[in-house]
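These are the residues of each chain, in order.
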Amino acid sequence: MELPKFILGDNSDFPNAIFIIHTEFPRFIINLQNDELEWFEDFDVEDQKELETETENAIKLATEFYDNEILKYEDD
């Protein structure tokens, strides 16, 4: 199955949270309400520098994805 890079998610148990699921490495969920991250990966110490760079970029792209999705809803 091919998955999109980002998936927008919500849950009635967390009514104020907006979740973006990043399905490519490094896989994570970010809660845009408080910027909390939950990783689906285990990382080695030597991966730390690359992880920081990749994570910063992925979070930026996740936020842009969310903004674009909201614009689509507002245009309808």
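Quick caveat: nothing in here was measured; it's all calculated off a predicted structure. (Residues numbered from 1 in each chain as written. Predicted model: local features only at pLDDT ≥ 70, side-chain atom pairs only at ≥ 80, totals over all residues. Heavy atoms only, no water.)

Visitor: Please explain the pattern of salt bridges as it appears in this structure.
Guide: Pairing is possible between side chains of opposite charge, provided their charged atoms come close. Enumeration over the complete set of coordinates arrives at 3 salt bridges. A salt bridge links R27 to E41, with the shortest nitrogen-to-oxygen separation between them at 2.7 Å. With R27 in the loop between β2 (19-22) and β3 (28-31) and E41 in the loop between β4 (36-39) and α1 (48-75), the pair connects residues that are 14 residues apart, well separated along the chain. When its relative accessible area of 35% is taken as the criterion, R27 is described as partly exposed. (Salt bridge = Lys/Arg side-chain N within 4 Å of Asp/Glu carboxyl O. Helix = DSSP H or I, 4+ residues; strand = E, 2+ residues; numbered from the N terminus. Buried < 20%, exposed > 50% of the residue type's maximum accessible area, 1.4 Å probe, protein only.)

Visitor: Any chance you could explain the environment of L37 here in plain terms?
Guide: The topology assignment puts L37 in strand β4. When the C-alpha positions of L37 and I59 are compared, they lie 9.5 Å apart, and in sequence the two are 22 residues distant.

Visitor: Where do I start with the sheet that holds β3 in this structure?
Guide: Strand pairs in the sheet, formed through backbone hydrogen bonds, run parallel or antiparallel to each other. Spatially, β1-β2-β3-β4 is the arrangement adopted by the 4 strands of the open sheet, whose pairing is antiparallel. The open sheet has two free edges, formed respectively by β1 (6-9) and β4, since each of these has just one partner strand. Each strand axis lies, on average, 20 degrees off the axis of its neighbour in the sheet, ignoring direction. Where β3 and β4 come together, 4 bridges link them in antiparallel fashion. Its bridge partner being in β4, F28 is matched across the sheet by W39. (Pairing = 2+ DSSP bridges. Axes fitted to C-alpha atoms, helices over the stretch in contact; angles between N-to-C directions.)

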